[in-house]
Amino acid sequence: MSEQILQILDQSLTYSLWAFLLIFIIILFFIALRLKARKRGLADYFREEFEKRFEREIVGEDLAKPLERYVPLSNRLRMAVHALFISAVLALGCFLVAGFTPISFFDNFATEKRWQTTPLRLTRLNYERFYEGFSLQGQVWNQSEQSIRGLRAIIHIWKFDHELLDQVLAPVQPDPFPSRSAGTFSVRYTENSPFLYGYQVSFERADGLEVPHVKGF
C-alpha cells in the first residue's frame, strides 16, 4: 500500500473520528435538554394536579378516585445507546464522503490522481554501511506513458544534528528512461563518515525539475 493511499485513509479516518465525537456530544446535549424539559413538565404536571385536588378538597368533592394517568420514566441507557449508534452511522458516512466521493473538499480517491499517476515508483533500495561511508543501489520504475531523459537520483545526506551534510547525484540508467520499464542507480559515498546520520532519495530531470515518486508496489 502506497504512502498516498495511507495518507488518504488516515485523513478520512481522522475526520470521521472527529465527526463521531462532535455528533455524539451534540446528541448528548440535545438529550440533556429534553430530560430537563421533561423534568420541568413533570413538575408542572404534579403541581397542577396537587392544586386541583386541593381545590376539590376545599369545596368538598369526592377525592376517593385515584389518578388513572401515569408518566413513564426515561430510559437513559437506551438514549445513550441510540446516541452511539447514530454517531457511528454518521461518522461512517463522513468517512465515505471524505475518502471516496468527488464532492469532498479534501484530496481523496475520487479527486486526487497523483497516487495513481505519479511518474516514478521506487521499487527497490539496498543500503550498505561500511567504515568509510555507505553504498546505495536502487531500482525505479517509470510508470508514466512517456520516456524521461536525463533522469537522476538525488541523495540528500544528513548528519547527526539533522542538518544537511552533502548531496550526491546518481544518473538513472538507461538514459533515456523508457516508459513502463525499470531503471537502476547506484551511489558509493566515502566522505564525512563520522558525521553520517541518514539519507533521503528524490529524483529530478535534466532541466532540474523534480519528478514525483512513490515507494513500494
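Residues numbered from 1 in each chain as written. Predicted model: local features only at pLDDT ≥ 70, side-chain atom pairs only at ≥ 80, totals over all residues. Heavy atoms only, no water.

Caption draft 1: Representation of the sheet that holds strand β4 (residues 164–171). Spatial ordering of the open sheet is given by β4-β3-β6, a layout of three strands whose pairing is antiparallel. The strands lining the two open edges of the sheet, one partner per strand, are β4 and β6 (196–204). Each strand of the sheet is rotated relative to its neighbour by a mean of 20°, with strand direction disregarded. In this sheet, β6 lies alongside strand β3 (residues 152–159) in antiparallel orientation, the contact comprising eight bridges. (Pairing = 2+ DSSP bridges. Helix = DSSP H or I, 4+ residues; strand = E, 2+ residues; numbered from the N terminus. Axes fitted to C-alpha atoms, helices over the stretch in contact; angles between N-to-C directions.)

Caption draft 2: Geometry of the packing of aromatic side chains. Under the counting rule described, the total for this entry stands at seven aromatic pairs. Relative to tyrosine 199, the ring of tyrosine 127 has its centre 5.5 Å away and its plane inclined at 25°; by these criteria the two rings are stacked. Of the two residues, tyrosine 127 is situated in strand β1 (residues 120–130) and tyrosine 199 in strand β6; the sequence distance between them amounts to 72 residues. Note on tyrosine 127: relative accessible area 42%, which makes it partly exposed. Residue class for tyrosine 199 comes out partly exposed when judged on its relative accessible area of 29%. Their ring planes at 15° and their centres at 6.0 Å tell us that phenylalanine 134 and tyrosine 199 sit as a pair that is stacked. Separated by 65 residues along the polypeptide, phenylalanine 134 in strand β2 (residues 133–142) and tyrosine 199 in strand β6 bring together distant segments of the chain. Among the residues examined, phenylalanine 134 registers a relative accessible area of 3% and is labelled buried. One aromatic cluster is present, built from ring pairs that chain together Tyr127, Phe134, Tyr189 and Tyr199. (Phe/Tyr/Trp six-rings, centres within 6.5 Å; stacked < 30°, edge-to-face > 60°. Buried < 20%, exposed > 50% of the residue type's maximum accessible area, 1.4 Å probe, protein only.)

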